[in-house]
Amino acid sequence: EPEVTQTPSHQVTQMGQEVILRCVPISNHLYFYWYRQILGQKVEFLVSFYNNEISEKSEIFDDQFSVERPDGSNFTLKIRSTKLEDSAMYFCASRTGGQETQYFGPGTRLLVL
Amino acid sequence: GESVGLHLPTLSVQEGDNSIINCAYSNSASDYFIWYKQESGKGPQFIIDIRSNMDKRQGQRVTVLLNKTVKHLSLQIAATQPGDSAVYFCAEERGDYKLSFGAGTTVTVRA
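This section reports on the structure supplied with the text. Because the structure is a prediction, the values reported are computed rather than measured.

Rules used in this analysis
Residues numbered from 1 in each chain as written. Chains lettered and ligands numbered in written order. Predicted model: local features only at pLDDT ≥ 70, side-chain atom pairs only at ≥ 80, totals over all residues. Heavy atoms only, no water. Helix = DSSP H or I, 4+ residues; strand = E, 2+ residues; numbered from the N terminus. Buried < 20%, exposed > 50% of the residue type's maximum accessible area, 1.4 Å probe, protein only. Disulfide = S-S within 2.5 Å. Contact = heavy atoms within 4.5 Å. Phe/Tyr/Trp six-rings, centres within 6.5 Å; stacked < 30°, edge-to-face > 60°. Buried area = accessible area lost by both parts, 1.4 Å probe. Polar contact = N/O pair within 3.5 Å; in protein donor to acceptor, adjacent residues only side chain to side chain. Nonpolar A, V, L, I, M, F, W, Y, C, P; charged D, E, K, R; others polar. Core = buried A, V, L, I, M, F, W, Y, C linked by side-chain atoms within 4.5 Å. Pairing = 2+ DSSP bridges. Axes fitted to C-alpha atoms, helices over the stretch in contact; angles between N-to-C directions.

### A look at the environment of A:A93
Residues and elements named next belong to chain A. Within the secondary structure layout, A93 lies in strand β9 (residues 88-95). The class for A93 is buried, based on a relative accessible area of 0%. In sequence terms A93 and S9 are 84 residues apart; their C-alpha atoms lie 15 Å from each other.

The following block contains the structure:
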């Protein structure tokens, strides 16, 4: 069964450093998402991406964040200058079309020191 | 503000019993609802969904009920098994296609 995959599974970085989180969505999916989950809290929407552009972003997704689909398979989230409060699980999700099921990857646990 | 929330943060259930997990939502414009299961250290796993033109949908051992009058969503798990121990999230979606998650209910199955 096709799955969303994410790398790395864990990332430790120093405050102020740049990180890139990688995702490979399910191959025939057209909509891509990033969510984050701070430890013990609910999952929060960050950004949605369709047709090679951002379709919506949350207040969390400020100028330090960017997304890219550099080729036909990868979908990346970049944090330019990490802050302590960026420590969280980051989940990638994808779906075939609007209001179809979003399938989530296993997540990347980011720890900013 | 408008949000999705769950009534109880924890639920302890005896193995073999049925579980009922509740969720209240406040946005009447939401038209698609999903239940996800999250095990420790893993991503949310789709369980079942329901659209606003339905009030009940059944899957394998799970049933979702939607009451639009009181903006209430529930997940029923029949014959709960140890593998059902996890955090369960309801999520809503409006026409903007992003998911808004509730706070989650931790289900613990007692042997």
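We are not done yet, so read on.
### Considerations on the state of the cysteines
Under the definition given, this model contains 2 disulfides over all chains. Each disulfide pairs two cysteine sulfurs, and for A:C23 the partner residue is A:C92, the sulfurs being separated by 2.0 Å. The sign of the S-S torsion, about -65°, decides the handedness of the disulfide formed by A:C23 and A:C92: left-handed. Placement of A:C23 in strand β3 (residues 19-24) and of A:C92 in strand β9 is noted, with a sequence separation of 69 residues between them. Of the two residues, A:C23 and A:C92, neither departs from the other in class, the shared state being buried. Two residues share a disulfide in this structure: B:C23 and B:C90, whose sulfurs sit 1.9 Å from each other. On the S-S bond that ties B:C23 to B:C90, the torsion sits near 55°, and the link is right-handed. Here the residue B:C23 occupies a position in strand β3 (residues 19-25), and B:C90 occupies one in strand β9 (residues 86-93), the gap between them amounting to 67 residues. Residue class for B:C23 comes out buried when judged on its relative accessible area of 1%. Residue classification places B:C90 among the buried residues on the basis of a relative accessible area of 0%.

### A closer look at the environment of A:P106
Within the fold, A:P106 resides in the loop between β10 (103-104) and β11 (108-112). For A:P106, a relative accessible area of 38% puts it in the partly exposed group. Not counting chain neighbours up to four residues away, the residues in contact with A:P106 comprise A:V4, A:T5, A:Q6, A:M89, A:F91, B:G41, B:K42 and B:G43.

### A few points about the packing of aromatic side chains
All names here are of chain B. What the rule picks out here adds up to 17 aromatic pairs over all chains. For the ring pair Y36 and F46, a centre distance of 6.4 Å and an interplane angle of 80° mean the geometry is edge-to-face. Of this pair, Y36 sits in strand β4 (residues 32-38) while F46 sits in strand β5 (residues 45-51); the two residues are 10 residues apart in sequence, bridging distant segments of the chain.

### Some thoughts on the interface of chain B and chain A
Taken together, the contacts link 22 residues of chain B with 19 residues of chain A. Of the roughly 1700 Å² buried where chain B meets chain A, counting both sides, 51% is carbon and sulfur surface. Contact with chain A buries area across many residues of chain B, yet B:Y97, B:K98 and B:F101 alone supply 31% of it, more than any other trio. Along the contact surface separating chain B from chain A lie 5 residue pairs in polar contact (both at pLDDT 80 or more). Of the residues belonging to the side of chain B that touches chain A, the class tally is 9 nonpolar, 5 polar and 8 charged.

### Thoughts on the nonpolar core
Ranked by internal contacts, the top residues of the largest apolar core, which has 21 residues, are A:W34, A:L46, A:F61, A:V67, A:F75, A:L77 and A:Y90. Listing elements by their share of this core, those giving two or more residues are β3, β4 (31-37), β5 (44-50), β7 (65-68), β8 (75-79), β9 and β11 of chain A. In contact with A:Y90, other than residues within four places in its own chain, are A:Q6, A:L21, A:W34, A:Y35, A:R36, A:L46, A:F65, A:L77, A:I79, A:G107, A:T108 and A:L110. With 19 residues, the next largest nonpolar core counts B:I21, B:F33, B:Y88 and B:V107 among its residues.

### Focus: the pairing of β3(B)
Residue and element names in this part refer to chain B. Burial along β3 is one-sided: S19, I21, C23 and Y25 are buried, and none of I20, N22 and A24, which face the opposite way, are. Alignment of β3 against strand β8 (residues 72-77), held across 6 bridges, turns out to be antiparallel. Across the sheet, residue C23 finds its bridge partner in β8, namely L73.

### A word on the sheet that holds strand β1 (residues 5-7) of chain A
Residues and elements named next belong to chain A. Taken in spatial order, the 4 strands of this open sheet run β1-β3-β8-β7, and their pairing is antiparallel. The open sheet terminates on both sides in strands that have one partner only, identified here as β1 and β7. Taking each pair of neighbouring strands and ignoring which way they run, the sheet shows an average axis angle of 20°. Judged from the 5 bridges that link them, β3 and β8 form a sheet pairing that is antiparallel. Across the sheet, residue I20 finds its bridge partner in β8, namely K78.

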